[in-house]
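Topology and contacts: notes
The residues making up each chain are set out below.
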Amino acid sequence: MSLPRIAIDAMGGDEGVRVMVSGAALARRRHEQFNFLLVGDETRIKAALDDHPNMRQASEILHCEDVVAGDEKPSRALRRAKTTSMGLAINAVKAGDCGAAVSGGNTGALMAMSKLALRTMPGIDRPALAALLPTLEEHDVIMLDLGANTDADARNLVQFAIMGAEYSRIATGLEMPRVRLLNIGTEDIKGTEEVQEASQRLRDATGLALRFEGFVEADKINRGDVDVVVTDGFSGNIALKAIEGSARFVTDLLKTAFRSSIRSKVGFLISRPATELLRHHLDPNNHNGGVFLGLNGVVVKSHGSANDHGVANAVAVTARLLEANITERIAAGLAELGEDALRDNGSAKNGATGEADAK
């Protein structure tokens, strides 16, 4: 099966061209139907392609030397959307030259450019950043929003739930994903007015291809008891960084413990298969690829520090979304819910959209 081309912002990410091209090449070795538009400095891209002959026939280069800096304000990056590698990759999706865009660059700029160029799809007020996180069970958990919006009202949270459930079906194959709202407790009386109202709307909704199971606390996100966790971008970004920080703390603590004595080093050799499994499970490269859901097009954010394996996983996520027609599926989910359940009763705030600061 042939897929629409994927635009790669080859200049984005901590290492830029080398890793982005190498990751795309690795993805294509796994799936030969992938074709790419590589956006960035032509000389550097051609040099990188010398190490990946499998990419030459599958890639076109769009020359661009201008790059969005990792610490650049989204408002400034927006003014250079027509000259930067990130902006040109997104515009290729808008023009229909590519089916999706992948970038490892500035998250806030990517969100702002994507929203301006592609617009939100009918029935969606704000796009949300969603990602896969590891759990103790067989399936990963989808979490959104992870930073595209600093706040969210009840209507937004309901929309996020529908989008997250559709993504979960694509990523995990589950027909009826279990959806919960992130909260400070699982009791019905806990939480803000927005969270309470969103919970009631989801409980009252009929016809949705999801199971709404109330609230989840942050320490239960990775237990495997929930398939989709829904929250505002401020809380979601904090929770995500706390999870990532805890994972790094555990791995660093184990390294220190195993180096502390001869006996510990022997213990490490004996337990190495288990520790390697732990390392693999916690490696963010194995879950790389955040998705901006709710746009009229597919845009995927690769972690700025991702290696070639991580970039390949982000490309694979992109391909799955293209194959499954994620936009059409979200539209169908919104139609099932109906306008009454989405109507804003004015009780929740509609503050300005904020951008994530993670690279």
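The structure displayed is predicted, hence computed values, not measured ones.

1. Some details on the packing of aromatic side chains
- For the structure on display, the rule yields one aromatic pair.
- An angle of 80 degrees between the planes, with centres 6.4 Å apart, marks the rings of F34 and F36 as edge-to-face. F36 matches F34 in its accessibility class, with the two residues each being buried.

2. Quick word on the environment of V93
- Its place among the elements puts V93 in helix α4 (residues 85-94).
- Sequence separation between V93 and N296 is 203 residues, and the spatial gap between their C-alpha atoms is 9.3 Å.
- Residue contacts for V93: discarding those within four places in its chain leaves C98, G99, A100, A101, L118 and G297.

3. Examining the sheet that holds strand β2 (residues 36-40)
- Pairing is mixed across the open sheet formed by 11 strands, whose spatial order is β3-β2-β1-β4-β11-β10-β5-β6-β9-β7-β8. Two strands bound the open sheet, and with one partner strand each, they are β3 (59-63) and β8 (211-216). Taking the axes of each pair of neighbouring strands and ignoring which way they run, one obtains an average angle of 25 degrees across the sheet.
- Across the sheet, helix α5 (residues 107-118) is in contact with β4 (100-103), β5 (128-133), β10 (290-293) and β11 (298-301); its angle to β11 comes to roughly 180 degrees.

4. Topic: the nonpolar core
- Grouped together as the largest cluster of nonpolar side chains are 68 residues, with contacts concentrated most on F36, L144, Y167, V230, L293 and L321.
- Beyond its immediate stretch of four places on either side in the chain, Y167 contacts A130, L132, I142, G289, V291, L293, V317, L321 and I326.

5. Looking at the pattern of salt bridges
- Enumeration over the complete set of coordinates arrives at 18 salt bridges.
- Put simply, K46 and E42 hold a salt bridge, and the shortest N to O gap is 3.3 Å. Residue K46 and its partner E42 are both found in helix α2 (residues 42-49); the two are separated by four residues, about one turn of the helix.
- Look at K46 and you get partly exposed, because its relative accessible area is 42%.
- Notably, a salt bridge pairs R169 with E166, separated by 2.6 Å at the nearest N-O pair. Taken together, the positions of R169 and E166, both in helix α6 (residues 154-172) and three residues apart, correspond to about one turn of that helix. Here the two residues R169 and E166 agree in accessibility, since each one is buried.
- Each of the salt bridges in this network shares a partner with another, and the network as a whole consists of D66, E72, R76 and R80.

6. Side note on a nonpolar patch on the surface
- Together, F249, V250, L253 and L254 make up an exposed nonpolar region whose accessible area comes to about 350 Å².
- The topology assignment puts V250 in helix α8 (residues 233-258).
- By relative accessible area, V250 is classed as partly exposed at 38%.

7. Topic: α2
- Listing the buried residues of α2 in full gives I45, A48 and L49. Around the axis of α2, the buried residues are gathered within 100 degrees of arc, so they sit on the same side.
- Its side-chain oxygen placed 3.2 Å from the backbone nitrogen of T43, D41 serves as the N-cap of α2.

8. With respect to the pairing of strand β1 (residues 6-9)
- The side-chain alternation of β1 yields two buried faces, one formed by I6 and I8 and the other by A7 and D9.
- Of the crossover connections in this fold, the one passing from β1 over helix α1 (residues 17-30) to the parallel β2 is right-handed.
- Bridge analysis of β1 against β4 gives four bridges, and the strand direction is parallel. Paired with A7 across the bridge in β4 is A101.

9. Topic: the confidence of the model for the protein chain
- Looking at the protein chain as a whole, its pLDDT mean stands at 85, while 86% of the residues score no less than 70.
- Every residue in residues 345-359 scores below 50 in pLDDT, and together they form 44 contacts with partners more than four places removed in sequence or on other chains.

Cut-offs applied
Residues numbered from 1 in each chain as written. Predicted model: local features only at pLDDT ≥ 70, side-chain atom pairs only at ≥ 80, totals over all residues. Heavy atoms only, no water. Phe/Tyr/Trp six-rings, centres within 6.5 Å; stacked < 30°, edge-to-face > 60°. Buried < 20%, exposed > 50% of the residue type's maximum accessible area, 1.4 Å probe, protein only. Helix = DSSP H or I, 4+ residues; strand = E, 2+ residues; numbered from the N terminus. Contact = heavy atoms within 4.5 Å. Pairing = 2+ DSSP bridges. Axes fitted to C-alpha atoms, helices over the stretch in contact; angles between N-to-C directions. Core = buried A, V, L, I, M, F, W, Y, C linked by side-chain atoms within 4.5 Å. Salt bridge = Lys/Arg side-chain N within 4 Å of Asp/Glu carboxyl O. Patch = residues over 30% accessible without salt bridge, like charges linked within 9 Å, V, L, I, M, F, W, Y side chains within 5 Å. Areas by Shrake-Rupley, 256 points an atom, 1.4 Å probe, with all protein chains shown as cover. Arc of directions from axis to C-beta. Polar contact = N/O pair within 3.5 Å; in protein donor to acceptor, adjacent residues only side chain to side chain. Right-handed = clockwise from strand over helix to strand, strands pointing away. pLDDT = per-residue confidence, 0-100.

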